[in-house]
Amino acid sequence: MAQTLTVLVPVYNEEDDIRKCLESVKWADDIFIVDSFSTDRTLEIAAEYTDNIVSHEYVNSATQKNWAIPQCKGDWIMVLDADEFLSELLQKKIRKILASGDVPFDGYYIKRETYFFGRLMKHCGWQREYITRLWRNGKGRYEDKHVHAGLIIDGEVGKLHEPIYHDTYKDFDDYFEKFERYTTWSAKDLQDRGKKASLFTLAFRPLWRFFKMYILNLGFLDGKHGFILSTMSSFYVLTKYAKLWNIKQVIKDDNNRS
């Protein structure tokens, strides 16, 4: 018997991206929109594709998704961010898998190809990215992390090479708006894991990130986009560890005053 699919899409002020995302999954049995109180036309556009729309206060990505997952009714669940969309090849592949009824895996890693400032990046390490976004209902839950939480699958995981496209960071305003939040959350995750921001870490981890992306992962073949991405990724690493250092300084000062 064919398996059903619920596509879960968390959103907040996504009017520029949401239509392309939903167009790529409009064939699914159910589209479940979880909104964080958008103030633009996001919900108006989403309502053209589904009436399964709820609003819920946003804490972080993992918390929002874990809150929504038990409400998904399909035999299978797929999570898409609003700035992602399925390639036609991936749409056909997933539909074929679900139509077979006899699926040998409990989840799938899916290849993700990402645009940076309008260019599809072929190097910098981004070309090898696989993410877990499709799983059997009841078999998956996100890690308890502030940012970049992975999906934990209870069972065997297969791999799909047909891509999800990720149209992220369209310009510097978009990049730095996310940069501020993500570096703060990353610093909190490092703090929770007991990590330290030593001088060695502050000095060499950013340099290693640039070297790894631009040289080892051939980022220079992506031209100026590759150089800018590698440099900004290095700055991201520096900033999250600098924020970790600041968190520890605040704690130390508070303890000294008490």
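Everything discussed here concerns the structure shown above.
In this report, the structure presented in the accompanying data block is examined.

1. Describing the packing of helix 6 (residues 199-216) against helix 7 (residues 223-257)
Inference 1: Viewed as axis vectors pointing N to C, helix 6 and helix 7 meet at an angle of 155 degrees, and their least axial separation amounts to 8 Å. With respect to helix 7, the axis of helix 6 lies roughly antiparallel. Here helix 6 runs over helix 7; the crossing is right-handed. For the pair formed by helix 6 and helix 7, the contact residues are Thr201, Leu202, Arg205, Pro206, Leu207, Arg209, Phe210, Met213 and Tyr214 on the first element and Gly226, Phe227, Leu229, Ser230, Thr231, Ser233, Ser234, Val237, Leu238, Tyr241 and Ala242 on the second.

2. As for the pattern of salt bridges
Inference 1: Applying the stated criterion across every chain yields a total of 15 salt bridges.
Inference 2: For Asp106, the salt bridge identified is with Arg136, shortest N-O distance 2.9 Å. One end of the pair, Asp106, is in the loop between helix 4 (88-100) and strand 6 (107-116); the other, Arg136, is in strand 8 (residues 130-136), with 30 residues separating them in the sequence.
Inference 3: It is possible to trace a salt-bridge network through shared partners that takes in Lys65, Asp81, Glu84, Arg112, Glu129 and Arg133.

3. Notes on the nonpolar core
Within soluble globular proteins, side chains that are nonpolar tend to cluster in buried spots.
Inference 1: Of all hydrophobic cores here, the largest spans 30 residues; its most connected members are Leu5, Val9, Leu22, Met78, Ile94 and Leu134.
Inference 2: Residues contacting Met78, with those up to four places away along its chain left out, are Leu5, Thr6, Val7, Leu8, Leu86, Leu90, Ile94, Ile110, Arg133, Leu134 and Ile164.
Inference 3: Within the second largest apolar cluster, 13 residues are counted, among which are Phe32, Ala62, Cys72 and Tyr142.

4. Quick notes on the pairing of strand 8
Inference 1: Of all the seven residues making up strand 8, five are buried; the element is thus mostly covered by neighbouring parts of the structure.
Inference 2: Sheet analysis places strand 4 (residues 76-79) next to strand 8, joined by three bridges and oriented antiparallel. Paired with Ile77 across the two strands is Trp135, which belongs to strand 8.
Inference 3: Pairing analysis gives five bridges linking strand 6 to strand 8, with the strands arranged antiparallel. The partner of Tyr108 across the bridge, within strand 8, is Leu134.

5. What about the packing of aromatic side chains?
Inference 1: Overall, the coordinates contain 24 aromatic pairs when judged by the stated rule.
Inference 2: Ring geometry for Tyr115 versus Tyr165: centroids 6.2 Å apart, planes at 55 degrees, classification tilted. Of the two residues, Tyr115 is situated in strand 6 and Tyr165 in strand 11 (residues 157-168); the sequence distance between them amounts to 50 residues.
Inference 3: Between Phe179 and Phe235, the aromatic rings sit 5.3 Å apart at their centres with planes inclined by 10 degrees, giving stacked as the arrangement. One end of the pair, Phe179, is in helix 5 (residues 172-192); the other, Phe235, is in helix 7, with 56 residues separating them in the sequence.
Inference 4: According to the relative accessible area criterion, Phe179 is buried, its value standing at 8%.
Inference 5: These aromatic residues form a ring-pair network of at least three members: Phe116, Phe117, Trp126, Tyr169, Phe172, Tyr175, Phe176, Phe179, Phe235 and Tyr236.
Inference 6: Over the aromatic face of Tyr130 sits the side chain of Lys159, whose NZ or CZ is 4.6 Å from the ring centroid.

6. Focus on the side chain of His166
Inference 1: As for its position among the elements, His166 is in strand 11.
Inference 2: Classification of His166 by relative accessible area gives buried; the value is 11%.
Inference 3: With residues up to four places along the chain from it excluded, the contact list for His166 reads Asp83, Glu84, Arg112, Glu113, Thr114 and Tyr115.

7. Considering the packing of helix 5 against helix 7
To describe two helices that pack against each other, one gives the angle between their axes and the distance between the axes.
Inference 1: Where helix 5 contacts helix 7, the two axes come as close as 8 Å, and the packing angle between them is 45 degrees. One finds that helix 5 runs oblique with respect to helix 7. Both helix 5 and helix 7 take part in a crossing whose hand is right-handed.
Inference 2: For the contact of helix 5 with helix 7, the per-class residue count stands at 15 nonpolar, six polar and five charged.

Rules and cut-offs
- Residues numbered from 1 in each chain as written.
- Predicted model: local features only at pLDDT ≥ 70, side-chain atom pairs only at ≥ 80, totals over all residues.
- Heavy atoms only, no water.
- Axes fitted to C-alpha atoms, helices over the stretch in contact; angles between N-to-C directions.
- Helix = DSSP H or I, 4+ residues; strand = E, 2+ residues; numbered from the N terminus.
- Parallel < 35°, antiparallel > 145°, perpendicular 65-115°, else oblique.
- Left-handed = near helix turned anticlockwise from the far one by under 90°.
- Contact = heavy atoms within 4.5 Å.
- Salt bridge = Lys/Arg side-chain N within 4 Å of Asp/Glu carboxyl O.
- Core = buried A, V, L, I, M, F, W, Y, C linked by side-chain atoms within 4.5 Å.
- Buried < 20%, exposed > 50% of the residue type's maximum accessible area, 1.4 Å probe, protein only.
- Pairing = 2+ DSSP bridges.
- Phe/Tyr/Trp six-rings, centres within 6.5 Å; stacked < 30°, edge-to-face > 60°.
- Lys NZ or Arg CZ within 6 Å of the ring centre and 35° of its normal.
- Nonpolar A, V, L, I, M, F, W, Y, C, P; charged D, E, K, R; others polar.

That's the geometry; what it means functionally is another story.
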